[in-house]
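Chain by chain, the residues:
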Amino acid sequence: MSKLDKSDVEKIAFLARLGINDQDIPEYATNLSNILDLVEQLDSINTDEVKPMSHPLDSVQRLRLDEVTEVNDRDNLMAHSPEVEAGLFLVPRVVE
Amino acid sequence: MHNKTIAELTAGLKAGDFSSVELTRHYLNRINSLDEQLNSFITIVPDLALQQAKQADEQRAAGQATIINGIPLAQKDIFCTKDIKTSCGSKMLDPFISPYNATTIEKFNHSGAVMLGKTNMDEFAMGSSNETSWYGPVKNPWSLDTVPGGSSGGSAASVAARLTPAATGTDTGGSIRQPASFCGITGLKPTYGRVSRYGMIAFASSLDQAGPMTRTAEDAAIMLNVMAGFDSRDSTSVDEAVPDYTADLNAAMEGLKIGLPKEYFAEGLDDSVAKVIEAAVKEYEKMGAVVSEISLPNSHLSVPTYYIIAPSECSSNLSRMDGVRFGHRCEEPKNLNDLYIRSRGEGFGAEVKRRILIGTYALSEGFYDAYYVKAQKTRRLISDDFNQAFKEVDVIMGPAAPSTAFNLGEFSDDPITMYLSDIYTIAVNLAGLPGMSIPAGFVNNMPVGLQLIGKHFSEAKLLNIAHQFQQQTDWHKKVPALFV
Amino acid sequence: MQWEVVIGLEIHVQLSTRSKIFSGSSTAYGAEPNTQMSTVDMGLPGVLPVFNGEALKKSVMFGLAVGAKINNRSVFDRKNYFYPDSPKAYQISQLYYPVVGEGHIDIELDNGETKRIGVTRAHMEEDAGKSLHENFHGQTGIDLNRAGTPLLEIVSEPDLRSAVEAVAYMKKIHSIVRYLGISDGNMQEGSFRCDANVSLRPKGQEEFGTRAELKNINSFRFVEKAINVEIERQMDILEEGGRIVQETRLYDADKNETRPMRSKEEANDYRYFPDPDLLPIVISDEEIEAIRATLPELPDEKCTRYVSELGLAEKDARALTVDRNMADYFEQVQQAVDDSKMAANWLLGEVSALINKNDMDIKDCPVTAELLIGLLKRIKDNTISGKIAKEIFQAMWTGEGDADAIIDKKGLKQITDNGAIEAIIDEVISNNPGQVAEFKNGKEQLIGFFVGQVMKASKGKANPGQVNQLLQQKLKS
């Protein structure tokens with residue numbers, strides 16, 4: 001049984017930068033634990049000899065020619081951005 | 001007029017029985033008067049639609065009509081549409097006016113189609129009932145107390161209610177086929193990579209695929225002729241010749257080898273649905289097809305495998321929704337993390353949050369191998385089952401969903417049970433195969449869909465098989481009483 | 001206690017492609033903010049990456065140059081973290097299957113020995129945008145022009161034992177990428193950056209100590225200083241019995257200290273997984289060999305050849321081959337004047353002195369190889385003396401034309417006519433009767449005085465050898 005508790009959920013939520021109301025955390029913890037229980041079915045299958053499959057078709061990356069195909073489209077791209085000044089996206093001050 | 005198929009409407013436009021502007025007005029009027037009951041559209045674009053219709057009429061007059069010229073369509077609100085809100089059913093993207101068009105939208109524009117509006121959907125395509133949309137649930141036109149299925153619920157409901165001749169959908173775990181089944185329409189999920197994903201907001205990149213939602217297989221073939229093809233903007237798009245999908249619709253069913261997976265008729269399937277499916281398969285036998293039982297022994301792994309892979313990919317895909325460059329941004333963020341946490345906390349609904357959390361957890365340090373890599377391995381087992389089966393049969397048939405449409409709110413406290421209802425559709429996405437759902441009968445006046453699963457790139461064959469059924473039956477012609 | 005320093009470097013090299021690694025936007029430096037940002041670079045919903053084949057080719061060139069195994073199949077992974085200069089909130093990188101496997105380079109130590117340093121791996125990834133901290137009402141501005149520029153991250157083994165070795169390694173890598181033409185290596189523009197992992201362990205101990213990672217050091221000088229102050233900091237802590245915390249630190253050049261980095265730290269669970277939007281990168285052995293055939297002669301090979309074929313001293317050969325432009329310049333001059341030592345002396349003397357003084361790249365040197373060849377030819381044919389040549393070199397530097405023009409204009413042609421020289425000597429002798437008498441009385445060291453006077457009177461143009469010979473004759477007669 002993979003039971004997630006409140007602090008697990010808080011930790012994961014922070015990794016995902018996802019605001020969750022305190023009162024909802026127990027429900028998420030239960031939901032997530034149930035999903036993990038469902039997933040645990042996979043543990044019963046021996047997959048030692050199986051190659052992981054990341055893509056449905058066994059194909060290979062196409063290589064693009066090194067050509068500049070894009071032009072400046074800043075005004076269009078940033079027209080509906082939440083906060084913009086002097087052609088820049090603004091965010092709360094970043095401290096390094 | 002609204003009971004006509006795309007094929008019939010095209011004939012009418014050609015003959016000059018009506019213009020595209022008239023046709024478009026008719027559908028806009030129906031949406032205006034009827035959609036209040038369904039909530040199948042998020043955005044309606046009457047001005048653009050009439051402008052496109054006028055242009056289509058002019059093209060036709062000039063002898064330059066293209067394949068889908070002047071036909072009104074609805075686009076799922078997952079496709080980016082330039083200068084038009086593209087919400088993906090989420091508060092997060094409610095303010096998002098896309099600065100570019102998805103490849104699919106471009107293709108329809110070039111083909112002379114008319115866009116009526118953008119259809120409602122589960123938030124970021126996560127859901128099987130359309131109840132997770134920030135814009136409220138969509139109702140099933142066959143019974144307003146039931147769900148239309150999801151995530152392409154708006155598209156399915158609008159096609160079934162004759163608010164549009166056809167619509168686009170996307171399918172990550174059944175999101176075209178299950179709503180098609182619940183609403184009694186024809187839905188096709190093509191082979192992974194057949195239709196470009198560029199501009200289609202990603203849920204799970206290795207599973208997502210767009211396809212047509214129509215009333216008939218013939219219309220689906222016409223739509224797929226527009227949608228399919230290689231796109232240099234999508235690395236996973238396949239550079240394989242696109243046949244004319246209408247060319248082989250009339251091929252005979254004589255000798256067709258149909259496989260029925262015993263796992264798809266086991267416990268969990270509603271008895272009355274099973275009877276409908278069995279009757280449909282009989283129909284094929286009458287046409288000369290040969291039916292055998294097959295096994296997809298790893299079917300039971302589909303749901304758990306999917307619920308690792310899809311949330312993992314989505315947790316990463318949805319990270320770009322951070323309130324910085326587009327979409328919802330919280331008021332007066334105190335600092336950078338506050339901006340991220342509140343914007344995302346406010347913008348996403350509960351189901352999306354659940355999946356982001358699961359995916360984040362599955363990929364996190366110490367769990368990656370146990371969950372993600374493990375699921376990639378079971379994914380191969382599931383895929384291999386199909387490869388094995390297709391050595392014996394031409395097409396696999398079964399139900400698209402274990403039941404007919406369920407009631408609104410029925411699973412709202414029990415997300416896991418709802419996940420399990422995708423059992424018959426999910427494996428097809430994991431294996432990247434083409435699949436369809438076609439109307440096959442009714443249970444208590446609610447439609448039942450027959451699922452067809454084919455080999456990679458066998459869309460033409462599936463459409464042929466579906467079309468032949470529709471020549472023998474008229475389930476696809478039934479209209480919900482409220483929308484006649 | 002005796003401590004041993006252990007250093008490993010991660011060098012980020014911007015690959016000099018025209019377009020970005022996953023989009024068709026330009027990579028040119030210095031454009032207006034966000035004008036080289038496409039839908040893909042902005043990380044808009046629905047967009048997808050398409051891989052630039054040139055980045056693969058350039059990465060493979062590097063791998064071959066350091067004798068590394070090239071992986072026929074490599075895979076792009078997503079490195080997930082939230083930061084405003086990372087528009088998708090993940091960086092596309094290669095963790096599990098990098099394109100370049102294990103290789104090595106040789107560095108030269110101060111004592112003249114060489115030391116082999118292991119290259120663990122090199123992988124392709126995309127660069128982030130830039131955060132601008134000027135005052136936007138207390139906010140930070142984000143420019144995504146650089147986002148998506150192709151990078152090759154080169155990871156060394158922890159084989160380096162001092163800051164000096166670290167710099168030597170970094171300079172060698174810099175030299176190699178510039179020889180290959182896969183990067184401009186411009187450190188001011190951020191095309192060549194370095195992270196250093198620094199730890200200490202008691203001498204003789206097998207196990208590594210806890211390391212600190214110094215982020216984003218962008219000059220050779222700062223790498224040395226940053227590592228040295230970090231070594232001191234760690235040593236102070238360890239000597240007092242303290243423990244080193246594993247963390248990321250920033251070097252502050254103004255204060256010459258390192259301090260912990262506050263951001264990016266809190267979430268260092270990157271949740272790497274294969275990017276489902278991209279397919280495996282596959283390159284065949286034939287394709288790899290075709291790239292190998294295009295590799296230029298590399299600095300070590302060149303250096304060896306200069307010693308064995310051109311007879312240069314090892315030290316000079318090394319100095320000439322660090323920078324490919326320098327070596328190209330040298331070879332052009334050497335071939336034209338057919339005098340390796342003369343060409344080497346001029347390049348390592350006059351030319352290097354002026355370009356170093358002006359902090360200039362050899363390719364921007366106003367005295368081009370053609371100009372220098374013109375000058376050296378006039379020394380070889382005795383038109384001018386070496387001393388006059390230096391004067392002409394200065395004039396060429398300030399743009400006064402080629403050597404012949406300057407010789408003409410300033411009348412610097414060497415006087416080799418015996419009659420003309422004798423006339424000057426006669427004048428000097430008659431003007432200095434006292435010194436002549438002393439010389440004749442046996443004070444022969446005065447010859448130097450007379451040569452000086454003659455050279456002065458000829459404004460340096462008289463051939464010094466002839467002057468000496470004729471003076472001896474006249475004074476002793």
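Residues numbered from 1 in each chain as written. Chains lettered and ligands numbered in written order. Predicted model: local features only at pLDDT ≥ 70, side-chain atom pairs only at ≥ 80, totals over all residues. Heavy atoms only, no water.

The omega torsion across Gly-150 of chain B and Ser-151 of chain B is 5°, close enough to zero to call that bond cis. Phi is positive for Asp-359 of chain C, which is not a glycine, with a value near 50°. By secondary structure assignment, the location of Asp-359 of chain C is in the loop between helix 8 (340-357) and helix 9 (369-380). With a relative accessible area of 73%, Asp-359 of chain C lands in the exposed category. (Helix = DSSP H or I, 4+ residues; strand = E, 2+ residues; numbered from the N terminus. Buried < 20%, exposed > 50% of the residue type's maximum accessible area, 1.4 Å probe, protein only.)

Our next topic: the domain arrangement of chain C. Residues and elements named next belong to chain C. Taken domain by domain, chain C comprises domain 1 (3-290), domain 2 (299-410) and domain 3 (418-476). Across the contact, 8 residues belong to domain 1 and 11 residues belong to domain 2. For the pair domain 1 and domain 2, the summed buried surface comes to about 770 Å²; carbon and sulfur atoms form 45% of the total. Broken down residue by residue, the surface that domain 1 buries against domain 2 is led by Glu-108, Arg-178 and Tyr-179, which jointly contribute 72%. Where domain 1 meets domain 2, there are 4 salt bridges. Along the contact surface separating domain 1 from domain 2 lie 7 residue pairs in polar contact (both at pLDDT 80 or more). Mapped onto the side of domain 1 that touches domain 2, the elements with two or more residues apiece are strand 5 (103-108) and helix 2 (163-180). (Domains from an automatic or database assignment. Contact = heavy atoms within 4.5 Å. Buried area = accessible area lost by both parts, 1.4 Å probe. Salt bridge = Lys/Arg side-chain N within 4 Å of Asp/Glu carboxyl O. Polar contact = N/O pair within 3.5 Å; in protein donor to acceptor, adjacent residues only side chain to side chain.)

Time to look at the sheet that holds strand 3 (residues 77-80) of chain C. Strand order in the open sheet made by the 3 strands is 4-3-14 (chain C), with antiparallel pairing throughout. Since the sheet does not close on itself, it has two edges, and those belong to strand 4 (90-93) and strand 14 (273-274) of chain C, each with one partner. Packed onto the sheet, helix 9 (residues 302-317) of chain B meets strand 3, strand 4 and strand 14 of chain C and runs at close to 60° relative to strand 3 of chain C. (Pairing = 2+ DSSP bridges. Axes fitted to C-alpha atoms, helices over the stretch in contact; angles between N-to-C directions.)

Right, let's talk about the confidence of the model for chain A for a bit. In the predicted model, chain A carries a mean pLDDT of 93, and the fraction of residues at 70 or more is 97%. Confidence, read as mean pLDDT per element, is least for helix 2 (residues 25-39) of chain A in chain A (93) and greatest for helix 3 (residues 74-77) of chain A (98). (pLDDT = per-residue confidence, 0-100.)

Attention now goes to the interface of chain C and chain A. Contact residues are listed per partner, giving 57 residues for chain C and 36 residues for chain A. Taking both partners together, chain C and chain A bury about 4,100 Å²; carbon and sulfur atoms supply 57% of that area. Three residues, Phe-82, Gln-139 and Leu-279 of chain C, lead the burial of chain C against chain A; their summed loss comes to 13% of the area buried on that side. Put simply, chain C and chain A have 0 salt bridges between them. Applying the counting rule to chain C against chain A returns 24 residue pairs in polar contact (both at pLDDT 80 or more). Secondary-structure elements contributing two or more residues to the side of chain C that touches chain A are helix 1 (53-65), strand 7 (130-136), strand 8 (139-143) and strand 15 (281-282) of chain C. If you tally residues by element for the side of chain C that touches chain A, the top one is strand 8 of chain C, at 5 residues.

The next thing to look at is the side chain of Thr-119 of chain B. All names here are of chain B. Tracing the sequence through the fold places Thr-119 in strand 3 (residues 114-119). Its relative accessible area of 0% is what places Thr-119 among the buried residues. Only 2.8 Å separates the side chain of Thr-119 from the side chain of Ser-155, close enough to count as a polar contact. For Thr-119, the contacting residues outside a window of four places in its chain are Ser-40, Phe-41, Ile-42, Ala-74, Gln-75, Lys-76, Asp-77, Gly-154, Ser-155 and Ser-158.

This next bit is on helix 12 (residues 418-431) of chain C. Residue and element names in this part refer to chain C. Between its terminal C-alpha atoms helix 12 stretches 20 Å, which fits the 20 Å expected from 14 residues at 1.5 Å a residue. Taken together, the buried positions of helix 12 are Ile-421, Ile-424, Ile-425 and Val-428. The buried residues of helix 12 occupy an angular sector of 100° when the element is viewed end-on, so they sit on one face. Of the exposed residues in helix 12, the ones pointing more than 90 degrees away from its buried face are Glu-427 and Ser-430. Packed against the buried residues of helix 12 are helix 14 (447-457) and helix 15 (464-476). (Expected span 1.5 Å × (residues − 1). Arc of directions from axis to C-beta.)

Taken together, the contact between chain B and chain A spans 67 residues of the former and 47 residues of the latter. Approximately 5,100 Å² of surface area, both sides summed, lies buried where chain B meets chain A, with 69% of it carried by carbon and sulfur atoms. Of all residues in chain B, the largest losses of buried area upon contact with chain A belong to Leu-357, Lys-377 and Arg-380 of chain B, amounting jointly to 13% of the total for that side. Counting the contacts that link chain B with chain A gives 2 salt bridges. Where Arg-329 of chain B meets Glu-83 of chain A, a salt bridge forms, and the shortest distance between an N and an O atom there is 3.6 Å. Viewed at the interface, chain A and chain B are joined by 19 residue pairs in polar contact (both at pLDDT 80 or more). Of all the secondary structure elements, the ones that give two or more residues to the side of chain B that touches chain A are helix 9, helix 10 (336-347), helix 11 (350-363), helix 12 (368-389), helix 13 (415-420) and helix 14 (423-431) of chain B. The element contributing the most residues to the side of chain B that touches chain A is helix 12 of chain B, with 11 residues.

With that settled, the discussion passes to the pattern of salt bridges. Scanning all chains against the criterion turns up 55 salt bridges over all chains. Of the charged contacts in the structure, one is a salt bridge between Glu-247 of chain C and Arg-249 of chain C, with a shortest N-O distance of 2.5 Å. Note on accessibility: Glu-247 of chain C and Arg-249 of chain C belong to one class, buried. Where salt bridges share partners, they join Arg-197 and Asp-234 of chain B together with Arg-78, Asp-275 and Asp-277 of chain C into one cluster.

What the rule picks out here adds up to 29 aromatic pairs over all chains. Taken together, a centroid distance of 4.5 Å and an interplanar angle of 35° make the contact between Tyr-361 of chain B and Phe-367 of chain B tilted. Aromatic pair Phe-22 of chain C and Phe-51 of chain C: ring centres 6.1 Å apart, planes at 45°, arrangement tilted. Taken together, the residues Phe-22 of chain C in the loop between strand 1 (3-14) and helix 1 and Phe-51 of chain C in the loop between strand 1 and helix 1 connect sequence positions 29 residues apart. Its relative accessible area of 5% is what places Phe-22 of chain C among the buried residues. Aromatic rings pair up to connect Tyr-368 and Tyr-372 of chain B together with Tyr-96 and Phe-273 of chain C into one cluster. When the ring centre of Phe-220 of chain C is taken as reference, the NZ or CZ atom of Lys-171 of chain C above it lies at 5.5 Å. (Phe/Tyr/Trp six-rings, centres within 6.5 Å; stacked < 30°, edge-to-face > 60°. Lys NZ or Arg CZ within 6 Å of the ring centre and 35° of its normal.)

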